[in-house]
Amino acid sequence: MNNARIIALGLCFVFFCLHSTDITSQNVWTKTTLIDRYQVNCLVEINNAMYAGLAGGGIYVSDDVGVSWKEINKGLGHQYIYSIVGKGNKIYASVHGEGVYISQDKGNTWIKFESNPDKYIYSLAISGPNLIAGTLSGLYYSKDDRNWIKSDIEGSRAHNAIFSLYDSKKGILAGSGAYIFFSKDNGKKWNTYPSSSKFDIQTFTELNGELYAGTTGDGLLVSADGNNWMHKTSNKAEGELKSVSVIVSDSVRLIAGSHDKGVINDGEKMIDGKNDLSIKSFLIHKGNYFAGTNTDGVWTLAVKNKITEIESRSAFQMALDVYPNPATSSSNIQYSINQKADVVLEVIHPDGKLFKRLNLGTQDPGLFHIQLQDFKLSSGIYFLRLKANNQSQLKKLVILSE
């Protein structure tokens with residue numbers, strides 16, 4: 001009897017070890033061979049290759065999904081890299097104290113621009129035909145890789161130093177302190193908007209028609225139009241992600257990197273994360289996550305549970321709309337969910353303050369309508385936020401006087 005028990009316990013132990021190994025393998029971050037003495041300021045994909053810009057180590061490229069890295073610093077002066085962008089055969093890099101360099105041979109050789117708008121160019125973006133530069137002295141754009149034109153910025157703002165740029169489907173975004181600049185003409189003219197946060201804006205992304213901004217101490221902000229910004233979560237819990245160094249999206253969910261919390265999915269939960277990584281940059285490349293750290297090189301995670309087309313159809317989805325919009329009291333709010341869920345609908349002022357919350361309870365899949373007149377809104381701009389199944393969707397609402 002005792003031998004039987006020992007054998008049974010042994011089999012259970014073996015099964016547990018095998019099962020635990022299988023689970024752990026779904027979430028194993030591994031360190032790549034990239035040099036690890038410098039902060040990885042940027043990770044970008046250009047022409048199916050991955051480029052890393054280091055704060056002191058120059059530029060490296062990987063053609064084999066991060067297995068090996070090649071140093072490509074020929075022609076560069078200072079090797080402190082702030083930003084890298086590419087379009088077609090051209091790759092641009094902003095270098096500390098020297099402005100912009102260009103390469104037309106995949107980064108093998110670099111040539112410095114003849115003229116630069118500022119020695120300190122912290123961020124680069126490409127929007128339409130223009131190369132946009134975010135500098136210590138404001139925003140500039142170039143149409144020919146030679147001459148720079150200073151952009152027009154309208155509205156009040158704290159300062160002109162631009163540390164982040166992002167070209168979205170709605171327009172190009174720039175972060176300047178706690179202000180957000182927004183351009184719809186490829187960076188020629190910009191409007192200034194307060195971000196509803198007192199902390200610096202250091203990263204942007206977009207997902208499902210909404211724009212997101214990451215702050216240095218106030219978590220994530222969200223906007224439906226690029227003009228009005230509010231906190232992603234209205235009630236911020238203690239210990240929630242606050243310092244967001246980088247955010248990206250994989251068309252399904254948000255992925256946020258933090259200096260002190262590793263990788264956070266959805267901007268709220270540690271999923272497929274590694275909380276001892278201090279993240280500076282992030283890239284999704286050929287089905288893998290790549291996290292550039294402060295002084296520990298680049299780490300990678302193979303995302304094994306990829307969402308297929310069939311899986312995405314079965315995943316939770318929701319939609320929110322108002323028609324007509326601009327709206328009157330006779331307009332309708334329409335929303336749909338494809339799975340049973342607890343549903344909440346909120347009306348929010350442009351400054352982020354909650355005006356009204358409707359707890360609609362647990363609802364079965366379907367299409368639902370609510371009369372806008374039930375909210376008794378005066379004329380002005382509001383935002384509707386639909387929340388269900390730990391997801392949310394934002395819709396701008398303009399109320400016309402009758």
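I will try to describe carefully the structure that is included in this document. Keep in mind that this is a model prediction, so the values were computed, not measured.

**Quick notes on the pairing of strand E10 (residues 121-127)**
Most of E10 is tucked away, with 7 of its 7 residues classed as buried. The pairing of E10 with strand E11 (residues 130-135) spans 6 bridges and is classified as antiparallel. In the sheet register, Leu-124 faces E11, and the bridge partner there is Ala-133. Counting the residues in the hairpin turn of E10 and E11 gives 2 residues, including Gly-128, whose phi is positive at 60°.

**Points about the nonpolar core**
Nonpolar side chains in soluble globular proteins generally cluster together in the buried interior. One finds Ile-333, Leu-372, Phe-375, Leu-377 and Leu-397 to be the most contacted residues of the largest nonpolar core, which totals 22 residues. Within the residue set of this core, elements represented by two or more residues are strand E29 (318-323), strand E30 (332-337), strand E31 (341-348), strand E34 (380-388) and strand E35 (391-399). Not counting residues within four places of it along the chain, the set of residues in contact with Leu-397 comprises Val-322, Asn-325, Ala-327, Leu-372, Leu-377, Gly-380, Ile-381, Tyr-382 and Leu-384. If you look at the next biggest cluster of nonpolar residues, it comprises 16 residues, including Leu-76, Ile-84, Ala-93 and Tyr-101.

**What to know about empty space enclosed by the protein**
Scanning all chains against the criterion turns up 2 cavities of 30 Å³ or more. Here the largest cavity defines a volume of roughly 50 Å³. Lining the largest cavity are 10 residues; nearest its centre among them are Gly-219, Leu-220, Lys-232, Glu-240 and Gly-267. Here the residues of the lining of the largest cavity sort into 3 nonpolar, 3 polar and 4 charged. What the second largest cavity holds in volume is close to 30 Å³.

**Regarding the sheet that holds strand E4 (residues 58-62)**
What links the strands of a sheet is backbone hydrogen bonding, and the strands pair in either a parallel or an antiparallel sense. Across the sheet, which stays open at both edges, the 4 strands sit in the order E2-E3-E4-E5 with antiparallel pairing between neighbours. Either end of the sheet is taken by a strand with one partner, and the two such strands are strand E2 (40-46) and strand E5 (70-71). Examined bridge by bridge, E4 and E5 share 2 bridges and lie antiparallel to one another. Along E5, the bridge assignment pairs Val-61 with Lys-70.

**What about the pattern of salt bridges?**
Scanning the entire structure with this criterion turns up 11 salt bridges. Of the charged contacts in the structure, one is a salt bridge between Asp-144 and Arg-146, with a shortest N-O distance of 3.9 Å. For the salt bridge of Asp-276 with Lys-274, the shortest nitrogen-to-oxygen distance reads 3.2 Å. For Asp-276, a relative accessible area of 55% corresponds to the exposed category.

**Looking at unusual backbone geometry**
Excluding glycine, a negative phi dihedral is what most residues carry, and trans is how most peptide bonds are arranged. Look at the link from Asn-325 to Pro-326: it is a cis peptide, with omega at 15°. Unusually for a residue other than glycine, Asn-48 sits at a positive phi of about 70°. Inspection of the secondary structure assignment puts Asn-48 in the loop between E2 and strand E3 (49-54). Here Asn-208, not a glycine, exhibits a phi torsion of approximately 50°, which is positive. Examined against the element boundaries, Asn-208 turns out to sit in the loop between strand E19 (201-207) and strand E20 (210-215). Asn-208 sits in the exposed class, given a relative accessible area of 58%.

**Concerning the side chain of Ser-281**
Mapped onto the secondary structure, Ser-281 falls in strand E26 (residues 279-285). At a separation of 2.9 Å, a polar atom in the side chain of Ser-281 contacts the main-chain carbonyl oxygen of Val-40. Beyond its immediate stretch of four places on either side in the chain, Ser-281 contacts Val-40, Asn-41, Cys-42, Leu-43, Val-246, Phe-290, Ala-291 and Gly-292.

**Regarding the sheet that holds strand E6 (residues 81-87)**
The 4 strands are arranged E6-E7-E8-E9 in an open sheet whose pairing can be described as antiparallel. The outermost strands of the open sheet, each flanked by one partner alone, are E6 and strand E9 (111-112). With 5 bridges connecting them, strand E7 (residues 90-95) and strand E8 (residues 99-103) associate as antiparallel partners. Considered in E8, the bridge of Ser-94 is made with Val-100.

**Topic: the environment of Ala-178**
Mapped onto the secondary structure, Ala-178 falls in the loop between strand E16 (172-176) and strand E17 (179-183). Placed 15 residues apart in sequence, Ala-178 and Tyr-193 show a C-alpha to C-alpha distance of 9.1 Å. Ignoring sequence-local partners within four residues, the contact set of Ala-178 consists of Pro-194, Ser-195, Ser-197, Lys-198, Phe-199, Asp-200 and Ile-201.

Procedures and definitions
- Residues numbered from 1 in each chain as written.
- Predicted model: local features only at pLDDT ≥ 70, side-chain atom pairs only at ≥ 80, totals over all residues.
- Heavy atoms only, no water.
- Buried < 20%, exposed > 50% of the residue type's maximum accessible area, 1.4 Å probe, protein only.
- Helix = DSSP H or I, 4+ residues; strand = E, 2+ residues; numbered from the N terminus.
- Pairing = 2+ DSSP bridges.
- Core = buried A, V, L, I, M, F, W, Y, C linked by side-chain atoms within 4.5 Å.
- Contact = heavy atoms within 4.5 Å.
- 1 Å grid on protein atoms, 1.4 Å probe; cavity = no way out; pocket = protein on both sides within 12 Å on 5 of 7 lines; lining within 4 Å.
- Points joined across faces, edges and corners; volume = space filled by probe spheres on them.
- Nonpolar A, V, L, I, M, F, W, Y, C, P; charged D, E, K, R; others polar.
- Salt bridge = Lys/Arg side-chain N within 4 Å of Asp/Glu carboxyl O.
- Polar contact = N/O pair within 3.5 Å; in protein donor to acceptor, adjacent residues only side chain to side chain.

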